[in-house]
Amino acid sequence: MTSQDLSVGVDLVDIAEVARSVKHFGDRYLRRIFTEHEISCCQGPPDVAAGSLAARFAAKEATLKVLRPDGARPDWRTIEVVRLPSGACKLRLRGSAARLAVERGLGPFALSMTHEAGLAAAVVVSGSASGYGGQPTMERREP
Amino acid sequence: MREQIRRVLSEHARLPVDVATLGDDDDLFRAGMTSHASVNVMLALEDTFDIEFPEAKLRKATFESVSAIEAALIELRSVSA
C-alpha cells in the first residue's frame, strides 16, 4: 500500500459544549447523536461523561471527513464507536455510512481518540478495502 | 420566521460574532459555527418549529445560512402539512 491509498480525518470538540448540550437538550441530544452502546459507555459524573461523549462525537465527525459525503451526510448513529471488552475502541459503520464507505472503496478504519484540557480529539484513518479485506480494525484505549 | 431563526442562532450557534451583523446569506460555518454547534441549532430549530430534520436534510448546506435554514424549514413544513 502507498500513502495514496490512505484517507485521514481529524476533529476537535470542546467538552464544555457537549456538557452544555446534554444539560440543555438531555436525552433528545444523546439519542439523536449516540447509539445505546455509546451512551452506556459514557456513564459517570457529568464532566467525565461529557469527555467521553465529546471524543465519540469527534470520532463521528472525523469519520465523515474520510467518507466525504456529496449530499446528505449519514446519520451520526450510523457511525458507532464500539468499546471492546479489552477497553480498546473501534469504529462500526452501518446503514448510510456503511454504504458510503463501500461506494468510496474505503476500509478498514482505524481510530484514535483522546481528551484533555477541555478538548476531545479523534483521528480516523482508512485504507482501501481492496487492500485489506474490508474489515474494520481498531486501536487505542478508551480516553 | 427569520427572526426566530436568528434567535435560535444567537442562543445555540456559539458564533464569535453577533448574529445581527450577519446577512441572511452569510455562511454561518465561515462565521465560526462548529459542526457540534450546528447540532444544537438543529435541535433548537426542531423545538421552535415543531419539526424534525430527516437524514436527507442532514447536510452542511441545510444549516449554512439563515436563508438556507428558512428554505429547509419551509420545505419540511410543507411536507408535514
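Coordinates for the structure precede this section.
Residues numbered from 1 in each chain as written. Chains lettered and ligands numbered in written order. Predicted model: local features only at pLDDT ≥ 70, side-chain atom pairs only at ≥ 80, totals over all residues.

A. Region of interest: the overall build of chain B. Along the backbone of chain B there are three helices and zero strands. By principal-axis analysis of the C-alpha atoms, chain B measures approximately 35 × 20 × 20 Å. For chain B, with 81 residues in total, the buried portion stands at 28%. The contacts of chain B with a sequence gap of at least 6 include a subset with a gap of at least 24, amounting to 61%. (Helix = DSSP H or I, 4+ residues; strand = E, 2+ residues; numbered from the N terminus. Buried ≥ 20, exposed ≤ 12 C-beta atoms within 10 Å, placed from the backbone. Contact = placed C-beta atoms within 7 Å.)

B. Spotlight on the overall build of chain A. A tally of regular secondary structure across chain A gives six helices and six strands. Scanning chain A from its N terminus toward the C terminus, one meets helices and strands in the order β-α-α-α-α-β-β-α-β-β-α-β. Across the 143 residues in chain A, those meeting the buried criterion constitute 38%. The contacts of chain A with a sequence gap of at least 6 include a subset with a gap of at least 24, amounting to 71%.

C. Molecular detail of the sheet that holds strand β1 (residues 7-14) of chain A. Residue and element names in this part refer to chain A. With respect to topology, three strands assemble into an open sheet ordered β1-β5-β4, the strand pairing being antiparallel. If you trace the sheet from one side to the other, it starts and ends with β1 and β4 (106-116), each paired once. Neighbour to neighbour, the strand axes of the sheet diverge by 15° on average, direction disregarded. Judged from the eight bridges that link them, β1 and strand β5 (residues 119-128) form a sheet pairing that is antiparallel. Bridge pairing in β5 places Asp 14 opposite Leu 119. Its contacts with the sheet put helix α1 (residues 15-25) on β1, β4 and β5, and the angle it makes with β1 is roughly 65°. Where helix α4 (residues 46-67) meets the sheet, its contacts fall on β1, β4 and β5, and the angle it forms with β1 comes to roughly 145°. (Pairing = 2+ DSSP bridges. Axes fitted to C-alpha atoms, helices over the stretch in contact; angles between N-to-C directions.)

D. Spotlight on the nonpolar core. Residues and elements named next belong to chain A. Counting residues in each nonpolar core, the largest one holds 51 residues, and the members touching the most others are Ala 54, Ala 58, Ala 59, Leu 111, Ala 122 and Val 124. By residue number, the principal contributor to this core is α4, which donates 11 residues. Ignoring anything within four residues of it in the chain, the contact list for Ala 54 reads Val 13, Ile 15, Val 18, His 115 and Ala 120. (Core = buried A, V, L, I, M, F, W, Y, C linked by C-beta atoms within 7 Å.)

E. Region of interest: helix α2 (residues 35-49) of chain B. For α2 of chain B, spanning 15 residues, the distance from its first C-alpha to its last is 21 Å, which sits close to the expected 21 Å at 1.5 Å a residue. Considered for burial, the residues of α2 of chain B that qualify are His 36, Ala 37, Ser 38, Val 39, Asn 40, Val 41, Met 42, Leu 43 and Leu 45 of chain B. (Expected span 1.5 Å × (residues − 1).)

F. Structural context of the interface of chain B and chain A. In this complex, chain B contributes 10 residues to the contact, which on the side of chain A involves 15 residues. Looking at the side of chain B that touches chain A residue by residue, the class counts come to four nonpolar, three polar and three charged. (Nonpolar A, V, L, I, M, F, W, Y, C, P; charged D, E, K, R; others polar.)

G. View of α1 of chain A. The complete set of buried residues in α1 of chain A reads Ile 15, Glu 17, Val 18, Ser 21 and Phe 25 of chain A. Along the axis of α1 of chain A, the buried residues cluster in a sector spanning 160°; they form a single face. Residues of α1 of chain A that are buried sit in contact with β1, α2 (27-33), α4, β4 and β5 of chain A together with α2 of chain B. Positive backbone phi, approximately 60°, marks Gly 26 of chain A, located one or two places after α1 of chain A. (Arc of directions from axis to C-beta.)

H. Fine view of the pairing of β4 of chain A. Residues and elements named next belong to chain A. Examined bridge by bridge, β4 and β5 share nine bridges and lie antiparallel to one another. In the sheet register, Leu 106 faces β5, and the bridge partner there is Ser 128. Linking β4 back to β5 in an antiparallel pair, the connection comprises two residues, with Ala 117 at a positive phi of about 55°.

I. Quick peek at unusual backbone geometry. All names here are of chain A. The linkage connecting Gly 107 with the following residue, Pro 108, adopts the cis geometry, with an omega of -5°. Checked against the element boundaries, Pro 108 lands in strand β4. The backbone of Ala 117 sits at a positive phi, close to 55°, despite the residue not being glycine. When the 5 C-beta atoms within 10 Å are taken as the criterion, Ala 117 is described as exposed.

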